[in-house]
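For reference, the chains in residue letters:
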Amino acid sequence: MDKVVQDSRDNLRDILIQRDQDRKEKIKNLKEEKQLSEPNQTQIFNDSFENQHQNILEKIKLVEEGKIKQECLLNYFNDINKDIQALNRHLSTSTKFLNNFSVRRGLKTVEEVENKIKNLEAELFPRKKFGFKAQKAKTVNTSNKDKVKESIDVVDAVVKKVISFSTVSCGFSNEIDKTLKLDSEEITKKDIELTGLENCTVLLFGNPITVHISNVSRCKILCGPVSTSVFVENCKDSDLVVACQQLRIHSTLDSNFYIHVTSKAIIEDSSGVQFAPYNLDYIGIKEHFSISGLDWRVNKWCEIDDFNWLTFNVPSPNWKEIPEESRIQKWL
């Protein structure tokens, strides 16, 4: 009897061992199938991305070698910038299957060619020294009362001190307690730089190519649709309303982002950041969206990649959605 029981137990153990082996083999096969499919997709991206990248570098090389006529340079640079936008779009639409390393490498490549073309533009079209636009007081014969009124109007007017970073860039720097505004004709198809701002309201009503924001605190930044990327660094206690292909946030604390993005936003070395859908409205915004090339129907505002949080299936503690009842509904 004991032998029968022992044989039965042995048989059961063998069955369980075999089932476990079958299960492990099945998992292994599934992983191999996944590895066979994913690298192919990634490899296709790598090949096409590198081809686009090399094409841009070859065009830049022609400029560096002086093979493009002076009168053709502006249009040539415009074509290169379009190629860079296409490269950025290709990366943005591929982040759903790329790992973090591949995304980082792609972002670095895009930044390198963006910087390369900006430096080349600055070299061939020497930029002016940093300066500010300011409305000159009109010298007309008026009564003292009118002069006082004109003075008050100048003081109360929206500040428009614009830094000329280069022939294709503009923005604001080192301002405190100001309302700063740029309209469509000033920013469309240009790069915007915002840096060193404190307790300012910034209004950007147009279609920039890129926006770079750094070292801002207690600010409210309202921006129309951006054709490619928005880069935010060292931002604190601020509200930002932006629409773009790609949003990158670094070293940012306790700030709210109302966003429209066609690829996942990326945060790194940041905490206390909150997100809600883009809800800015102003006269001309529909036209600016059309010019920007952004797809209004695609908004991944709540799909955030935290490069400092690698635990799968557990939400990052560094960001969260803004509750609907706490969202700002009207900005202007």
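Since the model is a prediction, treat every value here as computed from it, not as a measurement.

The rules behind each value
- Residues numbered from 1 in each chain as written.
- Predicted model: local features only at pLDDT ≥ 70, side-chain atom pairs only at ≥ 80, totals over all residues.
- Heavy atoms only, no water.
- Helix = DSSP H or I, 4+ residues; strand = E, 2+ residues; numbered from the N terminus.
- Buried < 20%, exposed > 50% of the residue type's maximum accessible area, 1.4 Å probe, protein only.
- Contact = heavy atoms within 4.5 Å.
- Areas by Shrake-Rupley, 256 points an atom, 1.4 Å probe, with all protein chains shown as cover.
- Phe/Tyr/Trp six-rings, centres within 6.5 Å; stacked < 30°, edge-to-face > 60°.
- Axes fitted to C-alpha atoms, helices over the stretch in contact; angles between N-to-C directions.
- Parallel < 35°, antiparallel > 145°, perpendicular 65-115°, else oblique.
- Pairing = 2+ DSSP bridges.
- Core = buried A, V, L, I, M, F, W, Y, C linked by side-chain atoms within 4.5 Å.
- Polar contact = N/O pair within 3.5 Å; in protein donor to acceptor, adjacent residues only side chain to side chain.
- Arc of directions from axis to C-beta.

## Here's the deal with the overall build of the protein chain
- From N to C terminus, the protein chain includes six helices and 15 strands.
- Per-residue burial over the protein chain gives 39% buried out of 332 residues.
- In the protein chain, of all internal contacts separated by at least 6 residues, the share reaching a separation of at least 24 is 43%.
- With an accessible surface of roughly 19700 Å², the protein chain has 51% of that area assigned to carbon and sulfur atoms.

## Description of the packing of aromatic side chains
- Per the stated rule, a full pass over the model turns up seven aromatic pairs.
- When the ring of Phe-205 is compared with that of Tyr-282, the centres are 4.4 Å apart and the planes differ by 15°; the resulting orientation is stacked. Here Phe-205, found in the loop between β5 (201-204) and β6 (210-217), pairs with Tyr-282, found in the loop between β13 (273-277) and α6 (285-292); they are 77 residues apart in sequence, far enough to count as distant.
- We classify Tyr-282 as buried; its relative accessible area is 9%.
- When the centroid spacing of 5.6 Å and the interplanar angle of 25° are considered together, the rings of Phe-257 and Phe-275 count as stacked. A residue pair is termed long-range when its members are at least 10 positions apart, and Phe-257 in strand β11 (residues 256-261) and Phe-275 in strand β13 qualify at 18 residues. With respect to burial, Phe-257 and Phe-275 carry one shared label: buried.
- Among the aromatic residues, those joined into a cluster by ring pairs are Phe-257, Phe-275 and Trp-319.

## Concerning the packing of helix α2 (residues 73-92) against helix α3 (residues 100-124)
- Where α2 meets α3, the closest approach of the two axes is 10 Å, and the angle between their N-to-C directions is 170°. Here α2 lies roughly antiparallel to α3, going by the angle between them. Across from Leu-73, Phe-77, Ile-80, Asn-81, Ile-84, Leu-87, Asn-88 and Leu-91 in α2, the residues of α3 making contact are Val-103, Gly-106, Leu-107, Val-110, Val-113, Glu-114, Ile-117, Leu-120, Glu-121 and Leu-124.

## Description of the pairing of strand β10 (residues 246-250)
- With five of five residues buried, β10 is to be regarded as a mostly interior element.
- Where burial is concerned, the two faces of β10 agree: the one with Gln-246, Arg-248 and His-250 and the one with Leu-247 and Ile-249 are both buried.
- Sheet topology places strand β8 (residues 229-236) next to β10; five bridges connect them, and they run parallel. Within β10, the position partnered with Glu-233 by the bridge is His-250.
- Pairing analysis gives three bridges linking β10 to strand β12 (residues 265-268), with the strands arranged parallel. By the bridge assignment for β12, Arg-248 is matched with Ile-266.

## Side note on the sheet that holds strand β15 (residues 319-321)
- Across the sheet, seven strands lie side by side as β3-β5-β7-β9-β11-β13-β15; this open sheet has parallel pairing. Because the sheet does not close on itself, it has two edges, and the strands there are β3 (179-182) and β15. Neighbour-to-neighbour, the strand axes of the sheet open up by a mean angle of 20°, direction not taken into account.
- By the bridge criterion, six bridges tie strand β9 (residues 239-244) to β11 in an arrangement that is parallel. By the bridge assignment for β11, Ala-243 is matched with His-260.
- Where α6 meets the sheet, it contacts β7 (220-225), β9 and β11, and its direction lies at approximately 65° from that of β7.

## Quick word on the nonpolar core
- One finds Leu-247 and Phe-275 to be the most contacted residues of the largest nonpolar core, which totals 36 residues.
- Non-local contacts of Phe-275, meaning those with residues more than four positions away in its chain, are made with Leu-247, Ile-249, Phe-257, Ile-259, Ile-267, Trp-301, Ile-304, Trp-319, Lys-320, Glu-321 and Ile-322.
- Counting 23 residues, the second largest nonpolar core, distinct from the first, contains Phe-49, Tyr-76, Ile-80 and Phe-125.

## Considering the side chain of Ser-263
- In this structure, Ser-263 sits in the loop between β11 and β12.
- Look at Ser-263 and you get buried, because its relative accessible area is 0%.
- There is a polar contact of 2.9 Å between the side chain of Ser-263 and the backbone oxygen of Gln-245.
- Leaving out residues up to four positions away in the same chain, Ser-263 has contacts with Ser-92, Thr-95, Gln-245, Gln-246 and Lys-300.

## Comments concerning α6
- Three or more residues of α6 are buried, namely Ile-285, His-288, Phe-289 and Ser-292. Relative to the axis of α6, the buried residues are bounded by an arc of 105° and lie together on one face. Summarising the geometry of α6, the exposed residues directed more than 90 degrees from the buried face are Lys-286, Glu-287 and Ser-290.

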